[in-house]
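# Inside the fold
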Amino acid sequence: MTSITAHAALLDMDGTLVDSTAVVERLWWEWAAPHGLDRHTVLETVHGRQGHQSMAILLPERDHAVNLEENVQMLARESEDVDGVVAIPGAAQLLQSLEHLPHAIVTSADVALMTARMSFAGLNIPAQRITAESVSKSKPDPEGFLLAASVLGIAPADCVVFEDSGAGIQAGLAAGMTVIGVGAHAPRFSPTHHVDDLTHVTITPTPGTGGFEIQIS
């Protein structure tokens, strides 16, 4: 059992609260195939980043205006296609335990996509939400996590990030936060701690401190 003292929890969505792997990989492979891109490279790139940034990495010579336009189209398709989206085990319980504690969702999805996936998975959406519309830079830049800390009024060092992707874990660490990696692939990116899923996380408020304890089993 590992115990972490925190004053705020910052939660990624895809791969952390919801498993959207099937639809993400299906739609991105449909986008990538006409460009002759390697499937493995595409799937390694797109997780955790905003779509236009992934496109810029995969097609570095292309006009970024085209990436921005196609990203809008991709977000719309992803919002409409929720087939196979499910909650990560323990996600509903974690969100419930944080209901009256400082927390925020920090996702590379836009509001429409976040709402579609969280709702389809049957998860409550935190009141504080940092989405694609909120930031000028995508993960792995720490802007989103730092903005969430600022909105909550919590010092970055007192925030704990829950993330699954390399880009997200890198962003959380760059923000000076403790990062709990979620899922089988997270250890590859050296988070501070790791859990297979959220059933291994317990939240215990600590009255009088303004914070809470995160127990990892």
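Residues numbered from 1 in each chain as written. Predicted model: local features only at pLDDT ≥ 70, side-chain atom pairs only at ≥ 80, totals over all residues. Heavy atoms only, no water.

## Description of the overall build of the chain
Quick note on the threshold: A run of H or I in DSSP counts as a helix once it spans at least four residues, and a run of E counts as a strand once it spans at least two, with each numbered from the N terminus. For every residue, the accessible area obtained with a 1.4 Å probe (protein chains only) is divided by the maximum for its type, and the residue is called buried under 20%, exposed over 50%, and partly exposed between those limits. Should any heavy atoms of two residues lie within 4.5 Å, those residues are counted as being in contact.
A count of helices and strands for the chain gives eight helices and eleven strands. If one aligns the C-alpha atoms of the chain with their principal axes, the spans along those axes are about 55 × 30 × 30 Å. With 217 residues in all, the chain has 50% of them scored as buried. Restricting the contact set of the chain to residue pairs at least 6 apart, pairs at least 24 apart contribute 61%.

## Overview of the packing of aromatic side chains
This is how the line gets drawn: A pair of Phe, Tyr and Trp rings is counted when the ring centres sit within 6.5 Å of each other, with Trp represented by its six-membered ring. The angle between the planes then sorts it: under 30 degrees is stacked, over 60 is edge-to-face, the rest tilted.
Applying the stated criterion across every chain, the model contains one aromatic pair. Aromatic side chains W28 and W31 sit 5.3 Å apart centroid to centroid with 70° between the ring planes, which places their arrangement in the edge-to-face category. Taken together, the positions of W28 and W31, both in helix α1 (residues 21–32) and three residues apart, correspond to about one turn of that helix.

## Things to note about the nonpolar core
Applied cut-off: Remark: nonpolar core denotes a set of buried residues (Ala, Val, Leu, Ile, Met, Phe, Trp, Tyr, Cys) joined through side-chain atoms within 4.5 Å.
Membership of the largest hydrophobic core comes to 48 residues, with the highest contact counts inside it found for L17, W31, M118, F162, L198 and I214. Those residues in contact with L17, other than ones at most four positions away along the chain, are L11, D12, V86, A87, I88, A91, L95, I105, M118, L123 and L198. Within the second largest apolar cluster, 18 residues are counted, among which are C159, V161, I169 and A175.

## Regarding the side chain of S165
Which entries qualify depends on this criterion: The term polar contact refers here to a pair of N or O atoms within 3.5 Å; inside protein, the definition further demands a hydrogen-donor-capable atom paired with an acceptor-capable atom, and it admits residues adjacent in sequence only when both atoms are side-chain atoms.
Residue placement: S165 occurs in the loop between β7 (159–163) and α8 (166–174). Within the structure, S165 has its side chain in polar contact with the backbone nitrogen of G168 (distance 3.0 Å). Residues within four places of S165 in sequence aside, it is in contact with H47, G48 and F189.

## Observations regarding the sheet that holds strand β8 (residues 178–182)
The pairing of strands in a sheet happens through backbone hydrogen bonds and is either parallel or antiparallel. Filter applied, for reference: DSSP bridges decide pairing: two strands pair if at least two such bridges lie between them. For helices, the axis comes from a line fit to the C-alpha atoms of the stretch in contact; other axes are also lines fit to C-alpha atoms, and the angle between any two N-to-C directions lies between 0 and 180 degrees.
Strands sit in the order β6-β5-β2-β7-β8-β9 across an open sheet of six strands; the sheet is parallel. Where the open sheet ends on each side, the last strands, each with one partner, are β6 (129–130) and β9 (193–195). Where β8 and β9 come together, three bridges link them in parallel fashion. Among the inter-strand pairings, V182 is bridged to a residue of β9, identified as V195. On top of the sheet, helix α7 (residues 143–152) reaches β2 (8–11), β5 (103–106), β6 and β7; it is set at about 155° to β5, its chief contact.

## Section: the environment of T16
Topologically, T16 is positioned in the loop between β2 and β3 (18–19). Its relative accessible area of 0% is what places T16 among the buried residues. Measuring from C-alpha to C-alpha, the distance between T16 and L58 comes to 24 Å, with 42 residues separating the pair along the chain. Residues within four places of T16 in sequence aside, it is in contact with I88, F162, E163, D164, V182 and L198.

## Brief notes about the pairing of β7
The side chains of a regular strand alternate, residue by residue, between the two faces of the sheet. Across the five residues of β7, five count as buried, placing the element largely inside the fold. Both β2 and β7 contribute to a ladder of four bridges, which runs parallel. For A9, the partnering residue across the bridge sits in β7 and is V160. Two strands pair when backbone bridges link them, and β7 and β8 are joined in this way by four bridges, in the parallel orientation.

## Some points on helix α4 (residues 64–80)
The condition that has to hold: Residue count minus one, scaled by 1.5 Å, sets the expected span of a helix. Here the arc refers to the directions that run from the helix axis out to each C-beta atom.
The end-to-end C-alpha separation of α4 is 25 Å, in line with the 24 Å expected for 17 residues at 1.5 Å each. Every buried residue belonging to α4 is among N67, N71, M74, L75, E78 and S79, and all of these are buried. Take α4 and look down its axis: the buried residues cluster within an arc of 125°, on one side only. Turned more than 90 degrees off the buried face of α4, the exposed positions are E69, V72 and E80. The inward-facing, buried residues of α4 contact α1, α3 (51–58) and α6 (111–120).

## Overview of α3
Two residues of an α-helix separated by three or four positions point the same way, owing to the 3.6 residues in each turn. Among the residues of α3, G51, H52, S54, M55 and L58 are the ones counted as buried. Burial along α3 is one-sided: seen end-on, the buried residues are contained in an arc of 160°.

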